[in-house]
Amino acid sequence: MEYIQKMIRPFTDRSNYYIQPPNPFKRKESKHTHDPQQVLLYIKQIYFTLQTQQNVNMSFLNPNYFSDIQSDLNPEMRAQMIDELMKAQRRTFHQTIYLLDVYLSTNRIFTAQIDSIYKTCYFVASKYEEIYPSPLWRYTHDRDEMQEIFQIEKELLCILDFKLVTASSYVWLNYYWTIINIAEKTSNWLTYSLLLLDVAVYNINIIKYEPSKIACASLYTSAIMLNIQMNWNSFASQFGLHFQHEIKEISNLIMITLKDSVNSKREIVKHMQLQKEREIF
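The rules behind each value
- Residues numbered from 1 in each chain as written.
- Predicted model: local features only at pLDDT ≥ 70, side-chain atom pairs only at ≥ 80, totals over all residues.
- Heavy atoms only, no water.
- Core = buried A, V, L, I, M, F, W, Y, C linked by side-chain atoms within 4.5 Å.
- Buried < 20%, exposed > 50% of the residue type's maximum accessible area, 1.4 Å probe, protein only.
- Helix = DSSP H or I, 4+ residues; strand = E, 2+ residues; numbered from the N terminus.
- Contact = heavy atoms within 4.5 Å.
- Salt bridge = Lys/Arg side-chain N within 4 Å of Asp/Glu carboxyl O.
- Phe/Tyr/Trp six-rings, centres within 6.5 Å; stacked < 30°, edge-to-face > 60°.

Asks: I keep staring at the nonpolar core and nothing clicks. Help me out?
Replies: Note that soluble globular proteins tend to have their nonpolar side chains buried in a common cluster. Grouped together as the largest cluster of nonpolar side chains are 81 residues, with contacts concentrated most on Leu-99, Tyr-176, Leu-219, Trp-232 and Leu-241. Here this core takes 9 residues from helix α8 (residues 169-180), the largest share from any one element. Sequence-distant contacts of Leu-219, defined by excluding residues within four places in its chain, comprise Leu-173, Tyr-176, Trp-177, Ile-180, Trp-189, Ser-193, Trp-232 and Leu-241.

Asks: It is not clear to me how the pattern of salt bridges should be interpreted in this structure. Could you clarify?
Replies: Close approach of charged atoms allows side chains with opposite charge to pair. On inspection of all chains with the given rule, the structure shows 7 salt bridges. Among the salt bridges present, the one from Glu-145 reaches Lys-119, with a minimum N-O distance of 3.4 Å. With Glu-145 in helix α7 (residues 143-160) and Lys-119 in helix α6 (residues 114-129), the pair connects residues that are 26 residues apart, well separated along the chain. We note that Glu-145, like Lys-119, is buried. Connected through shared salt-bridge partners, Asp-115, Lys-119 and Glu-145 make up one network.

Asks: Which parts of the structure should I look at to understand the packing of aromatic side chains?
Replies: Two numbers describe a pair of aromatic rings. These are the distance of the centres and the angle of the planes. All told, the structure shown has 12 aromatic pairs when counted by the stated rule. Ring geometry for Trp-232 versus Phe-235: centroids 5.5 Å apart, planes at 45°, classification tilted. Taken together, the residues span about one helical turn, with Trp-232 and Phe-235 both in helix α11 (residues 232-239) at a distance of 3 residues. Considered together, Trp-232 and Phe-235 belong to a single accessibility category, that of buried residues. Aromatic side chains Phe-235 and Phe-239 sit 5.0 Å apart centroid to centroid with 55° between the ring planes, which places their arrangement in the tilted category.

Asks: It is not clear to me how the environment of Phe-110 should be interpreted in this structure. Could you clarify?
Replies: Of note, Phe-110 is situated in the loop between α5 (90-106) and α6. Residue classification places Phe-110 among the partly exposed residues on the basis of a relative accessible area of 42%. Considering only alpha carbons, one finds Phe-110 and Ser-71, 39 residues apart in sequence, at a separation of 8.5 Å.

In structure tokens, the structure reads:
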């Protein structure tokens, strides 16, 4: 009997059967297998889709809407509305600001309508971006204001022709970070870039630039702030980013907006202080 067991053991012993040999060519994106958007195989298709969607999004925006349409509003009022949105998820935050700018680019509003409009944009963005959006009663308990929010929502969706997909600067930054995939250089680079994106939206002049360039400008500016030594143009050429002469002006705008935000004690500055306390900076 023992002789038979020794003979068949090589065919029945499966203790090492499922052990895979180490793969020296393991794909870098394997740590992101839970995210279908982090697949380098489709990176070109993702790029062209984002580029097409970016052109569609830009067609709905009027960078001069304060001078052309909104005689009762000013950029400071818009900045105050953005302050109210700082507690939102980052993707919802940027989607809300895009919807807000689209509505203000098309419809002339009065000061009394500001509250209802930013609530509507946040309501629509959260329904689109979040799995569990906040119900309307969390924004208001007034029936008249609810009806106004529903009406503004209908107008907004008609303006966009129900095209709510947005290739925002936040989406572009995630795309660029996927193909760069160099977290080993500094763990703070992405954190700085995301915070600078949040700062950039306070400046109304930023919306005339393409979101892809704004994302690159945030990477470029944060690299300077972190003293990351690199030749940006060769780096951009390697990974398909915008070159320095294309984003230099946007980078300057971001730095100016950051200084103004500090002086005005914006909500984004409080978030930066919180990040600093957590030793992320």
